[in-house]
Amino acid sequence: MKEKNSGINMIYFFREIWDKKRAVLSILAVFFVLGVFIALTSKKMYNAKSLFIPQTSQQDSQGSSLGGLASLAGINIGSLSNGTEISPSLYPQFISSIRFKKRLAQSKINLVENGGKVTYAEYYEKLYQPNILELLIKYTIGLPGEIIKSLRSAPPIIRNEKNSAGENNFDQISYEEFELFARMDGQLSVVSMEKEGVVQLTFAMPDPLMAAQMAQSAESLLQDEIIAYKIKNAKEQLKFTEAQYQEKKTEFNEVQSRLAGFKDRNQNIVSASLLNQQDRLEAEYNFSFSIYTELAKQLEQAKLQVSKDTPVFAIIQEVSIPVQKSSPNRPKILLIFIVLGVVVAVGYVAVTMIMFNLKKDWESID
């Protein structure tokens, strides 16, 4: 009985590759042509970049000077004094919000062809022309999605649901906005380089001028979002301090009026009870005046804190119009498809050899 050999002898394997060279060369030719087609038809993209350093503000303790007086008056300013710092690692969360994307979609870009201006949303909804590869993918791989989209009766109604306080609970976007934002996610990136202490913002567009304009808009909007967040906290602190100041000012005025009225009614005091009443009013006046004075100082500090909490972004590398395209890397695409062709061709030969050996084994058993 013959000994069964389920393995593949390498010499025999290379001989099989040579024997099936026509099939191997055909597979390599198909992948080569496919690689050339994709490399030549892929749309050019240009990356515009910006590098900046987020500067955090120095937070001063706002309630330290009140001490025991503020505690006795039931005021806790110190708990609100420290501003919330935003880590640069959280910047990508800002650009992923719907509000940010809606604002960025309305950014103006200059058209190279006629010098006109359109928004980012208008460009991709009305003017953008997909190339052959994008159309091919759309009507092959993406055909089921296009069919489902065409069967939809109507886009969803966009509502701004509000709670009892008049604030929006959530945002709802249309199908068109969803597709536009998905494209935007692939074009915009924000990377925090913690070791270097810088943040890199990149925006990719088919035109270098458009890429630079959108990168500049994204950078400005991102910084505005962060500044608005910081100022919001500072303004909340200012609002709290101002409310406490107005309350204690009213109390101080009332105490001052009562003390002045008492002195007007009692010019020559000889009664011990009246002297005690005057002492109590003067003590209440001094206590109220101390709190009122300290809160007046804190109010000025809170006003200064609004400007102190505004972060300053030091720009290391300003946005410039890119000269060289970032993609496609045609040699790399062609090399990848050649490697894939080799893998598929070798796999084809290996599978045919295994199938042939299995067939011989079954025949010998029979």
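Look a little higher up for the structure.
Below is a short write-up of the structure. (Residues numbered from 1 in each chain as written. Predicted model: local features only at pLDDT ≥ 70, side-chain atom pairs only at ≥ 80, totals over all residues. Heavy atoms only, no water.)

Helix and strand counts for the protein stand at 12 helices and 6 strands. Here the protein, with 366 residues, has 32% of them falling under the buried criterion. For the protein, the accessible area works out to roughly 23,100 Å², and carbon and sulfur atoms hold 57% of it. (Helix = DSSP H or I, 4+ residues; strand = E, 2+ residues; numbered from the N terminus. Buried < 20%, exposed > 50% of the residue type's maximum accessible area, 1.4 Å probe, protein only. Areas by Shrake-Rupley, 256 points an atom, 1.4 Å probe, with all protein chains shown as cover.)

Another aspect to go through is the packing of helix H5 (residues 98-105) against helix H10 (residues 208-265). Interhelical geometry of H5 versus H10 gives an angle of 140 degrees and a closest axis separation of 10 Å. Classified by the angle their axes make, H5 and H10 are oblique. The hand of the H5/H10 crossing is right-handed. Listed contacts from H10 to Arg99, Phe100, Arg103 and Leu104 of H5 are Met214, Ser217, Ala218, Leu221, Leu222, Asp224 and Glu225. Looking at the contact of H5 with H10 residue by residue, the class counts come to 6 nonpolar, 1 polar and 4 charged. (Axes fitted to C-alpha atoms, helices over the stretch in contact; angles between N-to-C directions. Parallel < 35°, antiparallel > 145°, perpendicular 65-115°, else oblique. Left-handed = near helix turned anticlockwise from the far one by under 90°. Contact = heavy atoms within 4.5 Å. Nonpolar A, V, L, I, M, F, W, Y, C, P; charged D, E, K, R; others polar.)

Pro328 follows Ser327 through a cis peptide bond whose omega is 5 degrees. As for its position among the elements, Pro328 is in the loop between strand S6 (312-317) and helix H12 (330-365).

With that settled, the discussion passes to the pairing of strand S4 (residues 188-193). Pairing of S4 with strand S5 (residues 198-205), which is carried by 6 bridges, proceeds in the antiparallel orientation. By the bridge assignment, Met193 is partnered in S5 with Val198. Connecting S4 to the antiparallel partner S5 that follows it, the hairpin turn spans 4 residues, and Gly197 within it adopts a positive phi of roughly 75 degrees. (Pairing = 2+ DSSP bridges.)

The subject of this paragraph is the pattern of salt bridges. For the structure on display, the rule yields 7 salt bridges. We note a salt bridge from Glu251 to Lys248, for which the minimum N-O separation is 3.3 Å. With Glu251 and Lys248 both in helix H10 and 3 residues apart, the pair spans about one turn of that helix. For Glu251, a relative accessible area of 32% gives the class partly exposed. Its relative accessible area of 10% is what places Lys248 among the buried residues. Connected via shared salt-bridge partners are Arg99, Arg103 and Glu225. (Salt bridge = Lys/Arg side-chain N within 4 Å of Asp/Glu carboxyl O.)

Bringing a nonpolar patch on the surface into the picture now. A cluster of nonpolar side chains, Phe32, Val33, Ile338, Val342 and Val346, forms an exposed patch at the surface whose accessible area comes to about 380 Å². Broken down by secondary-structure element, the contributors of at least two residues to the nonpolar patch are helix H2 (21-41) and H12. Per-element accounting of the nonpolar patch gives the leading share, 3 residues, to H12. Mapped onto the elements, Val346 comes out in helix H12. (Patch = residues over 30% accessible without salt bridge, like charges linked within 9 Å, V, L, I, M, F, W, Y side chains within 5 Å.)

Another aspect to go through is the packing of aromatic side chains. The geometry of an aromatic ring pair is captured by two quantities: the separation of the ring centres and the angle between the planes. Tallied over the full model, the rule gives 11 aromatic pairs. With centroids separated by 5.7 Å and ring planes inclined at 80 degrees, the aromatic side chains of Phe52 and Phe313 adopt a geometry described as edge-to-face. Taken together, the positions of Phe52 in strand S1 (residues 46-55) and Phe313 in strand S6 put the pair 261 residues apart, joining distant regions of the chain. The same class applies to Phe52 and to Phe313, which are both buried. Summarising the aromatic geometry, the rings of Phe252 and Phe289 are spaced 5.5 Å apart at their centres and angled 45 degrees between planes, so their arrangement reads as tilted. Here the residue Phe252 occupies a position in helix H10, and Phe289 occupies one in helix H11 (residues 272-308), the gap between them amounting to 37 residues. The structure contains a cluster of three or more aromatic residues connected by ring pairs, namely Tyr120, Tyr123, Tyr124, Tyr128 and Phe203. The aromatic ring of Trp18 is capped on one face by Lys21, whose charged end is 4.5 Å from the ring centroid. The ring centre of Tyr128 lies 4.9 Å from the NZ or CZ of Arg183, which sits over that ring. (Phe/Tyr/Trp six-rings, centres within 6.5 Å; stacked < 30°, edge-to-face > 60°. Lys NZ or Arg CZ within 6 Å of the ring centre and 35° of its normal.)

Attention now moves to the nonpolar core. Most often, soluble globular proteins keep nonpolar side chains buried together rather than apart. Ranked by size, the top nonpolar core spans 38 residues in total, and within it Tyr91, Leu104, Tyr120, Tyr123, Met205 and Leu222 carry the most contacts. Those elements that place two or more of their residues in this core are S1, helix H4 (91-95), H5, helix H6 (120-127), helix H9 (175-187), S4, S5 and H10. No other element matches H10, which puts 9 residues into this core. Apart from residues no more than four positions distant in its own chain, Leu222 is found in contact with Phe52, Tyr91, Phe94, Ile95, Phe100, Val190 and Leu201. Ranked by size, the runner-up nonpolar core spans 11 residues in total, among them Ala234, Tyr245, Leu295 and Leu299. (Core = buried A, V, L, I, M, F, W, Y, C linked by side-chain atoms within 4.5 Å.)

What follows is about the environment of Glu225. Here Glu225 shows up in helix H10. Glu225 gets classed as buried once you look at its relative accessible area, which sits at 5%. Along the backbone, Glu225 and Phe100 are 125 residues apart, and their C-alpha atoms lie at a distance of 8.1 Å. In this structure, Glu225 is in contact with Phe94, Arg99, Phe100 and Arg103, ignoring residues within four places of it in sequence.

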